[in-house]
Amino acid sequence: MSDPYWQLLATRGKLLTNSHGITHPSLPNYAAIVAGDFFGMAHEDFYNVDATTIYDLLDAKKVDYATYAEWYNPAVTKRGNNDCNHYIFNGPMDNTNPDWSAQVYRRLDVPALLFSSYTSDYNRCSKIHNATAKFAEDVKSHELPAYSFYVPDMLHNAHDPASDSDYVHQPTTAGAWFNSFLDLYLPELEKQGTLVIASFDEATWQNDDDTTPNNDNRIATILFGAGVTPNTEDNSYITHYGLLRGAIQNFGLGSLGRNDTNATNGNLFDLIN
């Protein structure tokens, strides 16, 4: 939050100053935010977890949902043209410096793809979209599903620096992009009654040492749009489980019976006006 672009973002929404990731490395946090558990994951590997998620609760209540992932392209299979794509990496290399160059898309950043309970269902697979091809269209046509998950690429999510930058300035690249993203979409989303939650997976320091989590795994989380007073802060303790708990309560979904039921993890629902 010392980066000027992120300071600007904080003035546009409510900064949660006591927000925390669940664990290290990053992948388990993506499972936690939709399933209320990370199921003992300790590595960034190819997972297919057979467990219930918020998507099961949404289906039961007939609440629509979608995932928009940058550089994702649905797979064409015998099940149909919009099947789940399990390609681990995709897109061009995001940097000319080989020390931190990577492909811009990673499967592990898409929570739905971590669960076989999701990917075994073609109808669910068809709800994962290429963000560039679909997100703007759905916002402008007022067809954005009630529960939507947006996955920025490796430059836009602050993981990698731009080619003309360096490792210390990862947040700058993401902050500039995200301000532009809000310029494009936030006014319309707010008119439609949408709450936008921007959060990170984990906190580490510049040596990427996940074995010793830095700063109590405190992460930047900012709320924008409906129910949010801009340029405010809240120091209530909250984790990814608390974000999940808030979504479940908002839609009246019941519970998964895991950490989404533990009030000590905080509750996003309580932080919205």
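Below you will find a few notes about this structure. (Residues numbered from 1 in each chain as written. Predicted model: local features only at pLDDT ≥ 70, side-chain atom pairs only at ≥ 80, totals over all residues. Heavy atoms only, no water.)

What follows covers the pairing of strand 10 (residues 195-199). Residues Val196 and Ala198 of strand 10 are buried on one face, while the alternating residues Leu195, Ile197 and Ser199, pointing to the opposite face, are not. Across 5 bridges, strand 10 lies against strand 11 (residues 221-225) in antiparallel orientation. Note on strand 11: the bridge partner recorded for Ser199 is Thr221. (Buried < 20%, exposed > 50% of the residue type's maximum accessible area, 1.4 Å probe, protein only. Helix = DSSP H or I, 4+ residues; strand = E, 2+ residues; numbered from the N terminus. Pairing = 2+ DSSP bridges.)

Quick look at the layout of surface pockets now. The volume enclosed by the second largest pocket comes to roughly 170 Å³. For the second largest pocket, the full set of lining residues is Glu44, Asp45, Phe46, Ile88, Phe89, Arg106, Arg107 and Leu108. Residues belonging to the lining of the second largest pocket are distributed by class as follows: 4 nonpolar, no polar and 4 charged. (1 Å grid on protein atoms, 1.4 Å probe; cavity = no way out; pocket = protein on both sides within 12 Å on 5 of 7 lines; lining within 4 Å. Points joined across faces, edges and corners; volume = space filled by probe spheres on them. Nonpolar A, V, L, I, M, F, W, Y, C, P; charged D, E, K, R; others polar.)

Right, let's talk about the state of the cysteines for a bit. Applying the stated criterion across every chain yields a total of 1 disulfide. What pairs with Cys84 in a disulfide is Cys125, and their sulfur atoms sit 2.0 Å apart. The disulfide joining Cys84 to Cys125 has a torsion of about -105 degrees about its S-S bond and is therefore left-handed. Separated by 41 residues along the polypeptide, Cys84 in the loop between strand 5 (80-83) and strand 6 (89-93) and Cys125 in helix 5 (residues 122-125) bring together distant segments of the chain. Classification of Cys125 by relative accessible area gives buried; the value is 0%. (Disulfide = S-S within 2.5 Å.)

In this section: the side chain of Asn179. Among the structural elements, Asn179 can be located in helix 7 (residues 170-191). With a relative accessible area of 5%, Asn179 lands in the buried category. The residues contacting Asn179, other than those within four sequence positions of it, are Tyr5, Leu8, Leu9 and Arg12. (Contact = heavy atoms within 4.5 Å.)

What follows is about the sheet that holds strand 3 (residues 65-69). Strand order across the open sheet formed by 3 strands is 8-3-9, with parallel pairing between neighbours. Only two strands of the sheet have a single neighbouring strand rather than two, namely strand 8 (128-130) and strand 9 (147-151). Strand-to-strand twist across the sheet, computed as the mean angle between neighbouring axes with direction ignored, equals 20 degrees. In the packing of helix 6 (residues 131-140) onto the sheet, the strands contacted are strand 3, strand 8 and strand 9, and the crossing angle to strand 8 comes to about 100 degrees. (Axes fitted to C-alpha atoms, helices over the stretch in contact; angles between N-to-C directions.)

Pairing in this open sheet of 4 strands is mixed, and the strands run 10-11-1-12 from one edge to the other. Strands at the two margins of the open sheet, each flanked by one partner only, are strand 10 and strand 12 (232-234). Each strand of the sheet is rotated relative to its neighbour by a mean of 20 degrees, with strand direction disregarded. The strands touched by helix 7 are strand 10 and strand 11; relative to strand 11, the strand with the most contacts, the crossing angle is about 40 degrees.

A contiguous nonpolar surface patch, about 390 Å² in accessible area, is contributed by Phe46, Tyr87, Ile88 and Phe89. Counting through the fold element by element, Tyr87 comes out in the loop between strand 5 and strand 6. (Patch = residues over 30% accessible without salt bridge, like charges linked within 9 Å, V, L, I, M, F, W, Y side chains within 5 Å. Areas by Shrake-Rupley, 256 points an atom, 1.4 Å probe, with all protein chains shown as cover. Salt bridge = Lys/Arg side-chain N within 4 Å of Asp/Glu carboxyl O.)

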